[in-house]
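Descriptive structure summary
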Amino acid sequence: MGRPVEAQALGVVGRAGRPVRGCPFIDAAVEFPDPQNAVHSYARERKLLMVRLVAELVSELGCREPSVLAEQLVTLADGAASRAMVLGDPNYGRHARAAAEILLDNALPTTV
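All values reported here derive from a predicted model rather than from experimental measurement.

**Some details on the nonpolar core**
- Of all hydrophobic cores here, the largest spans 25 residues; its most connected members are Val-13, Val-54, Val-58, Cys-63, Leu-69, Leu-73 and Leu-104.
- With 7 residues, helix 4 (residues 66-87) is the largest single contributor of residues to this core.
- Beyond its immediate sequence surroundings of up to four residues, Val-54 is in contact with Val-12, Ala-70, Leu-73 and Val-74.

If you want it as C-alpha cells, here you go:
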C-alpha cells in the first residue's frame, strides 16, 4: 500500500489515535427519521456523495468494481466510527483498516 491514492482510500476508514465522535450525518438522520424531512434528505445526500467520491478515488487504482468497493469502505468507516465513539476507543479504526486493506487488495487487478 505504498501509493498515495491507496493511502487516501484506506484513510476513508479512519486514522488511528484520532478522537472519534461518530458521524454527524448518521446523528442527523436518527434525529429526523422521516426520509422526506430536509435534514434527513441532506444527510442521505452527503452519504451518497461520500460513496461517489470514494468510487472515483478507487477507480484511479484500476479497481474492478469501484462502486462496490466504495460501498464496502464507507460501510466500514461508518461502523468503525460508531463503535469507536460508543466504546470510547479512538484506535478502534484499526479493525476497519485491516478489513479495508483486504478489500482493497482483492479489488485491485493483480500485477505480475
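**Side note on helix 5 (residues 93-107)**
- The end-to-end C-alpha distance of helix 5, which contains 15 residues, comes to 20 Å, matching closely the 21 Å that a straight helix rising 1.5 Å per residue would cover.
- Residues Gly-93, Ala-96, Ala-100, Leu-104 and Ala-107 constitute the buried set of helix 5. For helix 5, the angular spread of the buried residues around the axis is 70°, confining them to a single face. Exposed and facing more than 90 degrees away from the buried side of helix 5 are Ile-102 and Asn-106.

**Observations regarding the pattern of salt bridges**
- One pass over the full model with this rule turns up 3 salt bridges.
- Lys-47 is paired through a salt bridge with Asp-78; the nearest N and O atoms lie 2.6 Å apart. Of the two residues, Lys-47 sits in helix 3 (residues 38-59) while Asp-78 sits in helix 4, which places them 31 residues apart along the sequence.

**Re a nonpolar patch on the surface**
- Among the surface-exposed residues, Met-85, Val-86 and Leu-87 lie close enough to one another that they form a single nonpolar patch of about 290 Å² accessible area.
- With respect to the secondary-structure elements, Val-86 resides in helix 4.
- By relative accessible area, Val-86 is classed as exposed at 66%.

**Re the side chain of His-40**
- Inspection of the secondary structure puts His-40 in helix 3.
- In this structure the side chain of His-40 is engaged in a polar contact, spanning 2.8 Å, whose partner is the backbone oxygen of Phe-32.
- Residue contacts for His-40: discarding those within four places in its chain leaves Ala-29, Phe-32, Pro-33, Asp-34 and Pro-35.

**A look at the packing of aromatic side chains**
- Throughout the structure, instances matching the rule amount to 1 aromatic pair.
- Residues Phe-25 and Tyr-42 carry aromatic rings whose centres are separated by 6.2 Å and whose planes lie at 55° to one another, so their mutual orientation is tilted. Of the two residues, Phe-25 sits in helix 2 (residues 24-31) while Tyr-42 sits in helix 3, which places them 17 residues apart along the sequence.

**Regarding the packing of helix 4 against helix 5**
- It is at 9 Å that the axes of helix 4 and helix 5 come closest, and there the two elements cross at 175°. Regarding the angle of helix 4 to helix 5, the classification is roughly antiparallel. The residues of helix 5 that touch helix 4, namely those facing Leu-69, Gln-72, Leu-73, Leu-76 and Ala-80, are Gly-93, Ala-96, Ala-99, Ala-100, Leu-103, Leu-104 and Ala-107.

Parameters and conventions
Residues numbered from 1 in each chain as written. Predicted model: local features only at pLDDT ≥ 70, side-chain atom pairs only at ≥ 80, totals over all residues. Heavy atoms only, no water. Core = buried A, V, L, I, M, F, W, Y, C linked by side-chain atoms within 4.5 Å. Buried < 20%, exposed > 50% of the residue type's maximum accessible area, 1.4 Å probe, protein only. Helix = DSSP H or I, 4+ residues; strand = E, 2+ residues; numbered from the N terminus. Contact = heavy atoms within 4.5 Å. Expected span 1.5 Å × (residues − 1). Arc of directions from axis to C-beta. Salt bridge = Lys/Arg side-chain N within 4 Å of Asp/Glu carboxyl O. Patch = residues over 30% accessible without salt bridge, like charges linked within 9 Å, V, L, I, M, F, W, Y side chains within 5 Å. Areas by Shrake-Rupley, 256 points an atom, 1.4 Å probe, with all protein chains shown as cover. Polar contact = N/O pair within 3.5 Å; in protein donor to acceptor, adjacent residues only side chain to side chain. Phe/Tyr/Trp six-rings, centres within 6.5 Å; stacked < 30°, edge-to-face > 60°. Axes fitted to C-alpha atoms, helices over the stretch in contact; angles between N-to-C directions. Parallel < 35°, antiparallel > 145°, perpendicular 65-115°, else oblique.

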